[in-house]
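Working through the structure, step by step
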Amino acid sequence: QVQLVESGGGLVQAGGSLRLSCAASGRTFSGYTMGWFRQAPGKEREFVAYITWSTGYTNYADSVKGRFTISRDNAKNTVYLQMNSLKPEDTAVYYCAARNGYYGLVPAIYDYWGQGTQVTVSS
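These numbers were taken from a predicted model, which means no experiment stands behind them.

1. Digging into the overall build of the protein
Looking only at helices and strands, one finds zero helices and 11 strands in the protein. When the helices and strands of the protein are listed from N to C terminus, the series reads β-β-β-β-β-β-β-β-β-β-β. Whereas a compact globule of 123 residues would reach a radius of gyration of roughly 14 Å, the protein reaches 13 Å, a difference of no more than 12%. With respect to the principal axes defined by its C-alpha atoms, the protein has extents near 40 × 30 × 25 Å. Per-residue burial for the protein yields a buried fraction of 45% across its 123 residues. Total accessible area on the protein stands at roughly 6,100 Å², and carbon and sulfur atoms take up 47% of it. Seen as two clouds, the 11 positive and the 8 negative side-chain charges of the protein have centres 5 Å apart.

Okay, structure coming up:
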């Protein structure tokens with residue numbers, strides 16, 4: 001049973017930083033891609049970043065490129081999203097997701113999801 005548990009969300013002022021964590025359990029994730037997505041009220045869930053578990057290859061949405069960094073700690077089975085220079089438009093529920101395969105920009109192709117963690121950026 002795969003479980004993804006996010007943590008690290010909260011309230012921060014514009015320009016501040018947060019680090020989200022996603023603790024993964026239930027299987028080995030070699031060959032998997034781990035993604036971060038976000039969903040603001042009234043909007044569709046959108047891609048933020050992904051990392052391939054085996055090679056560490058990363059990809060980012062244009063809106064976060066240069067501000068966010070995704071990484072993983074294989075020993076801890078944990079994926080991180082370091083978010084710097086936060087903007088009010090980054091406010092959303094952030095979800096961690098996993099898919100058996102490489103890459104993935106679309107939520108529908110991910111197999112497992114966490115419960116989400118709220119990030120609120122005040123202006």
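Don't stop here, the text continues.
2. Quick look at the state of the cysteines
Under the definition given, this model contains one disulfide. Two residues share a disulfide in this structure: Cys-22 and Cys-96, whose sulfurs sit 2.0 Å from each other. On the sign convention where negative means left-handed, the S-S torsion of about -75° between Cys-22 and Cys-96 marks this disulfide as left-handed. In this pair, Cys-22 is assigned in strand 3 (residues 18-25) and Cys-96 in strand 9 (residues 92-100), connecting sequence segments 74 residues apart.

3. So, the packing of aromatic side chains
Aromatic rings considered in pairs are described by the distance between their centres and by the relative angle of their planes. Evaluated as defined, the whole model comprises 12 aromatic pairs. Residues Phe-29 and Tyr-32 carry aromatic rings whose centres are separated by 5.3 Å and whose planes lie at 85° to one another, so their mutual orientation is edge-to-face. Given the relative accessible area of 2%, Tyr-32 is considered buried. Geometrically, the ring pair formed by Tyr-57 and Tyr-103 is edge-to-face, given 5.4 Å between the ring centres and 70° between the ring planes.

Criteria and thresholds
- Counting starts from 1 at the beginning of each chain's written sequence and moves along it residue by residue.
- Where totals are concerned, whole chains, interfaces and linings use all residues; where local detail is concerned, this predicted model gives features only for residues with pLDDT of at least 70, and gives and counts side-chain atom pairs only at 80 or more.
- Note that water and hydrogens are dropped before the side-chain values are worked out from all heavy atoms of the structure.
- Helix and strand assignments come from DSSP, with helices taken as H or I runs of at least 4 residues and strands as E runs of at least 2, each series counted from the N terminus.
- All radius of gyration figures rest on C-alpha atoms, and the globule criterion is 2.2 Å times the number of residues raised to 0.38.
- The buried label goes to any residue with under 20% of its type's maximum accessible area, the exposed label to any with over 50%, and the partly exposed label to all in between, with areas taken from a 1.4 Å probe on protein chains only.
- Note on areas: Shrake-Rupley with a 1.4 Å probe; residue coverage comes only from the protein chains shown.
- Charge convention: Lys and Arg are scored as positive, Asp and Glu as negative, and His as well as the terminal groups of each chain are ignored.
- Note that the charge is assigned to NZ on lysines, CZ on arginines, CG on aspartates and CD on glutamates.
- Disulfides are defined as pairs of cysteine sulfur atoms found within 2.5 Å of each other.
- Two aromatic rings, drawn from Phe, Tyr or Trp (for Trp, its six-membered ring), form a pair once their centres lie within 6.5 Å of each other, and the interplanar angle then sorts them: stacked below 30 degrees, edge-to-face above 60, tilted otherwise.

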